[in-house]
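# Structural overview for review
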Amino acid sequence: MTLRHIIYFINTSVYGGGRNISYRIMQEERKEDIWFAVRTFYCKEESVARYLSSHGIEHFIPQRYQEEVSLDGERKRKLVSAVHNLLFIKLAISEQEMKDILSKCPVSISVIRHPDTKNYYQIPNNQMVEFRAICDPNYRDTLYVDQEVAEARIGEEVRVIRGQFKGLKGKLVRYKNRSYVVIVLAGLGVMIHIPKWYCRKLNLENTDY
């Protein structure tokens, strides 16, 4: 299964119950659809998610599975935030309407700004679709780090040419004797364990995969 197939049935991770939307349907959305990255505080991202849901605002929180043991010894897997204090929200209404809704949020939040332009960090919808597929909680070999940590790792730009993430571009680095492809978005670094022989250096490519 390639990255394209993973995206095809992506989990939207809407708080209060996930739902599957095909990649084809998402591609038919307006091309100008964008997402904002929002920072909150004191691990209140799920509270913000509930507030956004009550206003019909689509959002995404990177999640992972955490194993919990009940009092009777039963083990269960539970979806929890992979990284605290960060959400992504879709701008499906006017920017002013979105600002009004966010200004009334009972939890303190801040829309992340681009460090160079100081404007709101805008993420194209197609980039967000791919990012959400990469953050699939069913893939266990994923690490979430700060952007500074991700960018500090020495590596080479590659394209994944086989496996479930075929087509993905990122920086190939070594961490604890394992190979990872690093993707950075809105201050968050995502490190996906991918064998180096699944990758090809971009400067060696003569054809597009």
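Refer to the structure above for everything that follows.
What this report covers is the structure whose coordinates are included nearby.

About the cut-offs
Residues numbered from 1 in each chain as written. Predicted model: local features only at pLDDT ≥ 70, side-chain atom pairs only at ≥ 80, totals over all residues. Heavy atoms only, no water. Helix = DSSP H or I, 4+ residues; strand = E, 2+ residues; numbered from the N terminus. Buried < 20%, exposed > 50% of the residue type's maximum accessible area, 1.4 Å probe, protein only. Contact = heavy atoms within 4.5 Å. Areas by Shrake-Rupley, 256 points an atom, 1.4 Å probe, with all protein chains shown as cover. Phe/Tyr/Trp six-rings, centres within 6.5 Å; stacked < 30°, edge-to-face > 60°. Salt bridge = Lys/Arg side-chain N within 4 Å of Asp/Glu carboxyl O. Core = buried A, V, L, I, M, F, W, Y, C linked by side-chain atoms within 4.5 Å. Pairing = 2+ DSSP bridges. Axes fitted to C-alpha atoms, helices over the stretch in contact; angles between N-to-C directions. Arc of directions from axis to C-beta.

## Details of the overall build of the chain
Within the chain, the secondary structure is distributed over six helices and 15 strands. Expressed as a percentage of the 209 residues in the chain, the buried residues total 42%. Long-range contacts, defined as pairs at least 24 residues apart, comprise 66% of the intrachain contacts of the chain with a sequence gap of at least 6. Counting every atom, the chain has about 12,400 Å² of accessible surface; 47% of that belongs to carbon and sulfur.

## Looking at the packing of aromatic side chains
The full count for this structure, using the stated rule, is six aromatic pairs. Arranged with centres 6.1 Å apart and planes meeting at 70°, the rings of Tyr175 and Tyr180 form a pair that is edge-to-face. You can call Tyr180 buried: its relative accessible area is 5%. Grouping aromatic residues by their ring pairs yields a cluster made of Phe60, Phe88 and Phe131.

## Focus on the pattern of salt bridges
In total, this model carries seven salt bridges according to the counting rule given. The partner of Glu156 in a salt bridge is Lys201, and the shortest N-O contact between them spans 3.4 Å. With Glu156 in strand S11 (residues 155–160) and Lys201 in strand S15 (residues 199–201), this residue pair connects regions lying 45 residues apart in the sequence. On the basis of relative accessibility, which here comes to 33%, the residue Lys201 falls in the partly exposed class. Three or more residues are tied together by salt bridges with common partners; here these are Asp33, Glu58, Lys90 and Arg132.

## Quick notes on the nonpolar core
The biggest cluster of nonpolar side chains holds 28 residues, and the ones touching the most others in it are Phe88, Phe131, Leu168 and Val181. When residues of this core are traced back to their parent elements, those giving at least two are strand S3 (34–40), strand S7 (86–91), helix H5 (125–134), S11, strand S13 (178–185) and strand S14 (188–193). Ranked by size, the runner-up nonpolar core spans 18 residues in total, among them Val48, Tyr51, Ile61 and Val107.

## Observations concerning unusual backbone geometry
Positive phi values are uncommon outside glycine, yet Lys118 reaches one of about 70°. The topology assignment puts Lys118 in the loop between strand S8 (109–111) and strand S9 (122–124). Under the relative-accessibility criterion, Lys118 is labelled exposed at 55%.

## Notes on the sheet that holds strand S12 (residues 169–175)
Ordered in space as S10-S14-S13-S12-S11-S15, the six strands form an open sheet in which the pairing is antiparallel. If you trace the sheet from one side to the other, it starts and ends with strand S10 (142–146) and S15, each paired once. Within this sheet the neighbouring strands show an average axis-to-axis angle of 40°, counted without direction. For S12 and S13, the ladder comprises five bridges, and the chain directions are antiparallel.

## Here's the deal with the environment of Gln127
Relative to the helices and strands, Gln127 resides in helix H5. Each C-alpha atom, one on Gln127 and one on Leu185, is 9.5 Å from the other, the two residues being 58 residues apart in sequence.

## A word on the pairing of S3
Of all seven residues in S3, six are buried; the element is thus mostly enclosed. Sheet topology note: the S3/S7 ladder contains six bridges and is antiparallel. Residue pairing for S7: Arg39 is matched across the bridge by Leu86. Sheet topology places S3 next to S9; three bridges connect them, and they run antiparallel. Bridge assignment links Ile34 to a residue of S9, and that residue is Pro124.

## A short note on helix H4 (residues 95–103)
Of the positions making up H4, those classed as buried are Met98, Ile101 and Leu102. Down the axis of H4, the smallest arc covering the buried residues is 95°, so these residues share one side. Contacts made by the buried residues of H4 are with helix H3 (45–54), S7 and S8.

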